[in-house]
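Summary of the model geometry
As a plain string of letters, each chain reads:
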Amino acid sequence: MIPPEDPFWSAPEEPLPIHKNSFSIPLKSAGMLLLGDQHSGHVQLINHKSYHDKDEYNAKYTNFSYSSIFTYDSRAVYGSFNSDSSLQWSEDGIFFHQRWEMTNLYCEKDFAAARYPLHKADPEGEITTWTLVKEGLLLHIHQVYTTKPGLRFRQGGYPLGFDYGRPVRSSSGAAEIVRIGNRYTLLAGLNGFAHQVPAGPFQGQLNGVNTRYVQSFCSRLDYQSAAAGSFLLAAAVYANRGSETDQQMIALVPSFHQQGSFIRVVFHDGEEAALNIEEPSTLDFQVGGLTIQGRPRLLRVKSGEVTSRVEY
């Protein structure tokens, strides 16, 4: 199908971008952020814009992220998909939904966000999800508004797929870690989630749920809202291959807290981030020892220097 004279046949081979450097590339028109880790070869696509017209396509098209190593679960069991790489909600705790359509708000280096309605379970409710990236680490911060009390929410990390053997699971505080061979995933609750479920097969299904592997294990965080109104949920998702210890992964986010309208985060290397989840006004505030002026949505500071600034 490709003619002999086409440059396809004569172009010199070159290393792929992932072989040259790590990267964080915003694809603004698509509302997606492309991440690459040169050391491990792990590539992730952060998704805050895709749209489709059928609820059953959610796992394929509206997860928060997709990975070149940790492939997603895509078969529904008892009418619901697994919550890997997604935030889901339910009225009865049996049938869960996840975002169907979304409005992209930001797509910048190491930062993306979208707003979306709580289809079916609460048509008047909505969620804004802010995703902060630190190297291969993903922080998903969910600003939730509901008009119905008692809704149940759940979020999963990346599923760990495998064909043979048995993963090793460990729990430490708010973190759930699962490993097999040199691959590992972490899911940690940072705010709001009241219950964590150690990694295991979705609905007890040992075979046929994952897109690539015979079996898969996935951790989960749960929360049930007591009343209508606004609240904040936040989770850290990390997956890679290599030799990192549990302690190293748990220490990726040593500090996370809400201060008024600001979410303040300290990362493992001392970088600090301040995210304003309300409409920013002109003000001065402190981040990483610096006094910042203006109307920023997100600021990141390390060693006295601003490393990232995203305006409202």
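Please read all numbers here as calculations on a predicted model, not as lab measurements.

Counting its secondary structure elements, the protein chain contains three helices and 25 strands. The C-alpha atoms of the protein chain give a radius of gyration of 20 Å, which matches the 20 Å a tight globule of 312 residues would have. Looking at the protein chain residue by residue over its 312 residues, the buried ones come to 49%. When contacts within the protein chain are restricted to residue pairs at least 6 apart in sequence, long-range pairs at least 24 apart make up 54% of them. Accessible surface, the protein chain as shown: approximately 14,500 Å² in total, 51% of it carbon and sulfur.

Counting residues in each nonpolar core, the largest one holds 34 residues, and the members touching the most others are Leu87, Trp89, Tyr116, Ile127, Leu138, Phe153 and Leu233. Sort the elements by how many residues they give to this core and strand β18 (residues 229-241) lands first, with five residues. When sequence neighbours within four positions are dropped, the list of residues in contact with Tyr116 reads Phe64, Leu87, Trp89, Arg99, Glu101, Met102, Glu126, Ile127, Thr129 and His142.

Computed from the structure, the largest pocket encloses a volume of approximately 490 Å³. Lining the largest pocket are 24 residues; nearest its centre among them are Asp110, Val133, Lys134, Glu135 and Gly136. Among the secondary structure elements, those contributing two or more residues to the lining of the largest pocket are β1 (23-27), β2 (32-37), β3 (42-47), β9 (122-134), β18 and β25 (305-311). Of the residues in the lining of the largest pocket, the class split is six nonpolar, 10 polar and eight charged. Counted as a void, the second largest pocket has a volume near 260 Å³. Its residues assigned to classes, the lining of the second largest pocket comprises eight nonpolar, six polar and four charged.

This part covers the pattern of salt bridges. Inspection of every chain in the model, using the stated rule, returns 11 salt bridges. Ionic pairing is found between Asp110 and Lys109, a salt bridge with its closest N-O pair at 3.3 Å. The exposure class assigned to Asp110 is buried, which follows from its relative accessible area of 16%. Salt bridges linked by common partners bring Lys134, Asp269, Glu271, Arg300 and Lys302 together as one network.

On the surface, a cluster of nonpolar side chains totalling about 590 Å² of accessible area is made up of Met1, Ile2, Phe8 and Trp9. Counting through the fold element by element, Met1 comes out in the segment before α1 (17-20).

It is worth spelling out the side chain of Ser216 at this point. Here Ser216 is to be found in strand β17 (residues 215-224). For Ser216, a relative accessible area of 5% gives the class buried. Within the structure, Ser216 has its side chain in polar contact with the side chain of Asp73 (distance 2.9 Å). Filtering out sequence-adjacent residues up to four positions away, Ser216 remains in contact with Asp73, Pro159, Leu160, Gly161, Phe162, Gly200, Pro201 and Asn210.

So, on to empty space enclosed by the protein. In the structure shown here, the tally under the stated rule is one cavity of 30 Å³ or more. Counted as a void, the largest cavity has a volume near 40 Å³. Along its surface, the largest cavity is lined by Pro201, Phe202, Gln205, Leu206, Asn207, Gly208, Val209, Asn210, Val214, Gln215 and Ser216. Looking at the lining of the largest cavity residue by residue, the classes come out as five nonpolar, six polar and no charged.

This part is about the environment of Leu138. Inspection of the secondary structure assignment puts Leu138 in strand β10 (residues 137-146). Along the backbone, Leu138 and Leu34 are 104 residues apart, and their C-alpha atoms lie at a distance of 12 Å.

Spatially, four strands are ordered β1-β2-β3-β4 in an open sheet, and the strand pairing comes out antiparallel. The open sheet has two free edges, formed respectively by β1 and β4 (65-67), since each of these has just one partner strand. Adjacent strand axes in the sheet meet at a mean angle of 15° when their direction is disregarded. Note: β3 against β4, three bridges, orientation antiparallel. Looking across to β4, one finds that Gln44 is bridged to Ser67.

Calculation notes
- Residues numbered from 1 in each chain as written.
- Predicted model: local features only at pLDDT ≥ 70, side-chain atom pairs only at ≥ 80, totals over all residues.
- Heavy atoms only, no water.
- Helix = DSSP H or I, 4+ residues; strand = E, 2+ residues; numbered from the N terminus.
- Rg over C-alpha atoms; globule rule 2.2 N^0.38 Å.
- Buried < 20%, exposed > 50% of the residue type's maximum accessible area, 1.4 Å probe, protein only.
- Contact = heavy atoms within 4.5 Å.
- Areas by Shrake-Rupley, 256 points an atom, 1.4 Å probe, with all protein chains shown as cover.
- Core = buried A, V, L, I, M, F, W, Y, C linked by side-chain atoms within 4.5 Å.
- 1 Å grid on protein atoms, 1.4 Å probe; cavity = no way out; pocket = protein on both sides within 12 Å on 5 of 7 lines; lining within 4 Å.
- Points joined across faces, edges and corners; volume = space filled by probe spheres on them.
- Nonpolar A, V, L, I, M, F, W, Y, C, P; charged D, E, K, R; others polar.
- Salt bridge = Lys/Arg side-chain N within 4 Å of Asp/Glu carboxyl O.
- Patch = residues over 30% accessible without salt bridge, like charges linked within 9 Å, V, L, I, M, F, W, Y side chains within 5 Å.
- Polar contact = N/O pair within 3.5 Å; in protein donor to acceptor, adjacent residues only side chain to side chain.
- Pairing = 2+ DSSP bridges.
- Axes fitted to C-alpha atoms, helices over the stretch in contact; angles between N-to-C directions.

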